[in-house]
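Structural features, examined
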Amino acid sequence: MRVARGRGARRHADPYRDVDAQPDGARFIEALETRGGTPTQAILRRRFLRFVPVRSGDRVLEVGCGTGVVVRDLAGLVGARGRVVGVDRSRLLLRAARRLCRARPRAGRITLRVADGARLPWRAGRFDATLAITVLLHVSDPMAVVAEMARVTRPGGRVGVQDQDFGTVAVEHPDPELTARIFTGVENRIYENRFSGRRLPGLLRAAGLGGVRLRTDVYQDTRLEPYTKSFLERRAENAVRFGIVDGRTAQRWLDGFTALVAAGSFVLTMNYYGAVGVKPA
Ligand SMILES: C[S@@+](CC[C@H](N)C(=O)[O-])C[C@H]1O[C@@H](n2cnc3c(N)ncnc32)[C@H](O)[C@@H]1O
């Protein structure tokens with residue numbers, strides 16, 4: 001693993017708020033597809049879709065669909081009578097999503113369009129289920145997005161949100177204090193709230209949804225999967241960019257993980273919280 005050189009430091013500099021403005025947009029396409037294809041990630045995503053649940057024949061909206069990882073799963077679940085709509089702020093990611101969805105069975109059931117989650121272009125009550133998966137973590141006003149999701153959901157329909165929670169990352173490393181300094185320092189500069197996962201049930205209740213349920217799943221990696229590797233490399237890169245550590249310390253930190261992998265002792269776990277609420281009739 002190597003520390004890449006980052007650019008400019010800003011507070012709440014979350015690139016997912018505006019992927020199209022990033023100089024290295026292709027990197028986000030690759031990151032989302034790498035995560036989507038990681039077997040443990042696919043399992044926890046599909047468990048969440050069963051938990052919502054998404055049923056055959058449903059009209060489903062995914063807010064912040066990115067490259068369409070979830071949309072492709074949804075197309076299989078809603079079947080020939082259902083409908084899947086994905087929206088995202090990023091034209092770049094939607095272009096990739098169109099290309100990746102085209103080859104899929106039931107691609108004709110998928111519609112992709114540019115929209116902001118806080119201003120959805122539909123009348124009220126349009127969808128049976130409305131989802132946002134690892135999106136609320138990235139938005140400045142998650143309540144505005146959840147309120148819009150609730151508005152476009154039909155009475156009796158479901159609003160489902162899933163987010164990782166960086167406060168739950170447990171990773172083995174010979175220098176746990178340095179690990180904590182890098183994680184906390186970087187996450188506080190990038191995210192409005194690094195504990196976003198655990199807040200989801202409260203957000204759904206505050207939006208007036210009923211019967212709120214929570215399901216917690218754990219992402220577990222003992223082999224340093226490509227997704228985990230890039231997650232740790234980005235933390236190291238940002239720690240240098242934000243002046244939390246110097247380049248040499250960041251490289252030493254990454255080398256600590258490499259040594260653990262070689263010894264068969266690498267462990268990283270992170271909780272994913274999935275919350276679902278029902279729109280009152
Ligand atoms: C981490 S990605 C998740 C993509 C997809 N849900 C998945 O799980 O693969 C977050 C996505 O949210 C989108 N996004 C961020 N803010 C948004 C907003 N206000 N409205 C719509 N999409 C937004 C980003 O462009 C990005 O595609």
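These remarks concern the structure in this document. (Residues numbered from 1 in each chain as written. Predicted model: local features only at pLDDT ≥ 70, side-chain atom pairs only at ≥ 80, totals over all residues. Heavy atoms only, no water.)

Thoughts on the environment of M143
- Within the secondary structure, M143 sits in helix α5 (residues 142-152).
- For the pair M143 and Y191, spaced 48 residues apart in sequence, the C-alpha to C-alpha distance is 15 Å.
- Once residues lying within four places of it in the same chain are set aside, the contact partners of M143 are L203, A206 and A207. (Helix = DSSP H or I, 4+ residues; strand = E, 2+ residues; numbered from the N terminus. Contact = heavy atoms within 4.5 Å.)

Details of the pattern of salt bridges
- Under the definition given, this model contains 19 salt bridges.
- In this structure, R17 and E192 form a salt bridge, with 2.9 Å as the shortest nitrogen-oxygen distance. Taken as a pair, R17 in the segment before α1 (26-37) and E192 in the loop between α6 (176-190) and α7 (200-206) lie far apart in primary sequence, 175 residues in all.
- A relative accessible area of 43% places E192 in the partly exposed class.
- Here the salt bridges share partners, and the residues they tie into one network are D24, R27 and E237. (Salt bridge = Lys/Arg side-chain N within 4 Å of Asp/Glu carboxyl O. Buried < 20%, exposed > 50% of the residue type's maximum accessible area, 1.4 Å probe, protein only.)

Here we look at the site of the ligand
- The environment of the ligand is made up of 21 residues, and the closest members are E62, G64, D88, G117 and I133.
- Measuring from a nitrogen atom of the ligand, one finds a side-chain N or O atom of E62 at 2.8 Å.
- At 2.8 Å, a backbone N or O of G117 approaches a nitrogen atom of the ligand.
- Relative to its free-state accessible area of 590 Å², the ligand is covered by the protein chains to the extent of 96%.
- Broken down by secondary-structure element, the contributors of at least two residues to the shell around the ligand are α1 and α3 (69-78).
- Here the residues of the shell around the ligand are counted per class, giving 10 nonpolar, six polar and five charged. (Near = heavy atom within 4 Å. Polar contact = N/O pair within 3.5 Å; in protein donor to acceptor, adjacent residues only side chain to side chain. Areas by Shrake-Rupley, 256 points an atom, 1.4 Å probe, with all protein chains shown as cover. Nonpolar A, V, L, I, M, F, W, Y, C, P; charged D, E, K, R; others polar.)

Describing the pairing of strand β3 (residues 110-114)
- In this structure, strand β2 (residues 83-88) lies alongside β3, joined through five bridges in parallel fashion. Bridge pairing in β3 links V85 to T111.
- With helix α4 (residues 91-102) bridging β2 and its parallel neighbour β3, the resulting β-α-β unit is right-handed. (Pairing = 2+ DSSP bridges. Right-handed = clockwise from strand over helix to strand, strands pointing away.)

Examining α1
- The first and last C-alpha atoms of α1 sit 17 Å apart over 12 residues, in line with the 16 Å expected at 1.5 Å per residue.
- When α1 is considered as a whole, its buried residues turn out to be F28, I29, A31, L32, R35 and G36. In an axial view of α1, the angular spread of the buried residues amounts to 165 degrees, which keeps them on one side of the axis. Exposed positions of α1 whose direction lies more than 90 degrees from the buried face are A26, E30 and G37.
- Next to the buried residues of α1 lie α2 (39-51), α3, α4, β5 (153-164), α8 (226-241) and β8 (268-278). (Expected span 1.5 Å × (residues − 1). Arc of directions from axis to C-beta.)

Looking at a positive patch on the surface
- Together, R91, R95, R98, R99 and R102 line one region of the surface with positive charge.
- Tracing the chain through its elements places R95 in helix α4. (Patch = residues over 30% accessible without salt bridge, like charges linked within 9 Å, V, L, I, M, F, W, Y side chains within 5 Å. Lys, Arg positive; Asp, Glu negative; His and termini not counted. Charge placed at Lys NZ, Arg CZ, Asp CG, Glu CD.)

Description of the packing of aromatic side chains
- On inspection of all chains with the given rule, the structure shows 10 aromatic pairs.
- Arranged with centres 6.4 Å apart and planes meeting at 40 degrees, the rings of Y227 and F231 form a pair that is tilted. With Y227 and F231 both in helix α8 and four residues apart, this pair spans about one turn of that helix. Here Y227 matches F231 in class, with each residue buried.
- Note on F257 and F266: the rings are 6.1 Å apart at their centroids and 80 degrees apart in plane angle, and the pair reads as edge-to-face. Each of the two residues, F257 as well as F266, counts as buried.
- An aromatic cluster of three or more residues is present, and its members are F166, F183, Y191, Y219, Y227, F231, W253, F257 and F266.
- It is R213 that lies over the ring of F51; its NZ or CZ is 4.4 Å from the centre.
- When the ring centre of F166 is taken as origin, the NZ or CZ atom of R235, which lies over that ring, is 4.7 Å away. (Phe/Tyr/Trp six-rings, centres within 6.5 Å; stacked < 30°, edge-to-face > 60°. Lys NZ or Arg CZ within 6 Å of the ring centre and 35° of its normal.)

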